[in-house]
Amino acid sequence: PELAASGGYEIRLKYQGKLYSAAFRLNQYVKPHYEIDIVMEQENFKTGEPVRGTVTLTYPSGKPVQGASVTIDLRAQQLAMVAGEMRYLGLFPLQLTETKYTASEKGVVAFELPAADKPSRYILRVLSVDGATYRVTATKEILVEAGSAAFALTATTQFSKPEIGRAHV
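Since the model is a prediction, treat every value here as computed from it, not as a measurement. (Residues numbered from 1 in each chain as written. Predicted model: local features only at pLDDT ≥ 70, side-chain atom pairs only at ≥ 80, totals over all residues. Heavy atoms only, no water.)

Participant: Would you take a moment to explain the overall build of the chain for this structure?
Facilitator: Helix and strand counts for the chain stand at zero helices and eleven strands. Moving toward the C terminus, one meets the helices and strands of the chain in the order β-β-β-β-β-β-β-β-β-β-β. Within the chain, buried positions represent 24% of all 169 residues. Summarising the internal contacts of the chain: among those between residues at least 6 apart in sequence, 56% fall at separations of at least 24. Roughly 12,800 Å² of accessible area belongs to the chain as shown, and the carbon and sulfur atoms make up 54% of that amount. (Helix = DSSP H or I, 4+ residues; strand = E, 2+ residues; numbered from the N terminus. Buried < 20%, exposed > 50% of the residue type's maximum accessible area, 1.4 Å probe, protein only. Contact = heavy atoms within 4.5 Å. Areas by Shrake-Rupley, 256 points an atom, 1.4 Å probe, with all protein chains shown as cover.)

Participant: Looking at this structure, I do not really get the pairing of strand β2 (residues 18–26). What am I missing?
Facilitator: On a regular strand, each side chain points to the face opposite its neighbour's, so the side chains alternate between the two faces of the sheet. Of the pairings in the sheet, the one linking strand β1 (residues 7–15) to β2 comprises nine bridges and is antiparallel in character. Each residue of the ladder has a partner; that of Tyr 15, found in β2, is Lys 18. Where β1 folds back onto β2 in an antiparallel hairpin, the turn is made up of two residues, including Gln 16, whose phi is positive at roughly 50°. (Pairing = 2+ DSSP bridges.)

Participant: Would you mind showing me how to read the sheet that holds strand β3 (residues 35–40) here?
Facilitator: Within a sheet, neighbouring strands are paired by backbone hydrogen bonds and run either parallel or antiparallel to one another. Read across the open sheet, the three strands follow the order β3-β4-β9; overall the sheet is antiparallel. What marks the edges here is a single partner per strand, and that holds for β3 and β9 (108–113). Across this sheet, the average inter-strand angle for adjacent strands is 20°, counted without regard to direction. Across six bridges, the pairing between strand β4 (residues 51–58) and β9 is antiparallel. In the strand pairing of β9, Gly 53 is matched with Phe 111. (Axes fitted to C-alpha atoms, helices over the stretch in contact; angles between N-to-C directions.)

Participant: Explain the packing of aromatic side chains to me, please; I cannot follow it from the model alone.
Facilitator: Given two aromatic rings, their pairing is described by the distance between the two centres and the angle made by the two planes. In this structure the tally under the stated criterion is two aromatic pairs. Ring plane angle 15° and centroid distance 5.7 Å describe the contact between Tyr 9 and Phe 24, whose orientation is recorded as stacked. On the criterion of sequence distance, the pair formed by Tyr 9 in strand β1 and Phe 24 in strand β2 is long-range, its members being 15 residues apart. Measuring from centroid to centroid gives 5.9 Å for Tyr 34 and Tyr 59, while their planes differ by 80°, and the two rings are edge-to-face. Of the two residues, Tyr 34 is situated in the loop between β2 and β3 and Tyr 59 in the loop between β4 and β5 (69–78); the sequence distance between them amounts to 25 residues. Since its relative accessible area comes to 1%, Tyr 34 is described here as buried. Residue classification places Tyr 59 among the partly exposed residues on the basis of a relative accessible area of 28%. (Phe/Tyr/Trp six-rings, centres within 6.5 Å; stacked < 30°, edge-to-face > 60°.)

So this is what it looks like as structure tokens:
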């Protein structure tokens, strides 16, 4: 219902004589106590090169979040091109790294992610806590060489030329 109270709930469904259930929690939305901004060093990344960027933590007043604990979790998923569309090869993202940092006096953390050896989708998740607030999170998706095709077909010779066979007067 629209005015449901916060707490734990369970949904039960009976289908073809079998009982199914799922549990979930309902909480009131709380705006994060500060913002996390993830900025990448460049727009496009290629395979074989490290992925660099910065995380900036800022209170609503504009002041930096100094000394906050920041955890950067990186998951990767290999990409493929199928009929000109990007696909994820049916594999789930695998965790590559999880690194802990401490924000500087300016509320900034510089990071470097490992280079991808194949076109990939990086899922970057930043978790932060400054000791006085709830954990704040942010997520960013990074595509590494997403536009590259795994193969290309080219003909060694051209079998038809429009000009051949025409009479020149």
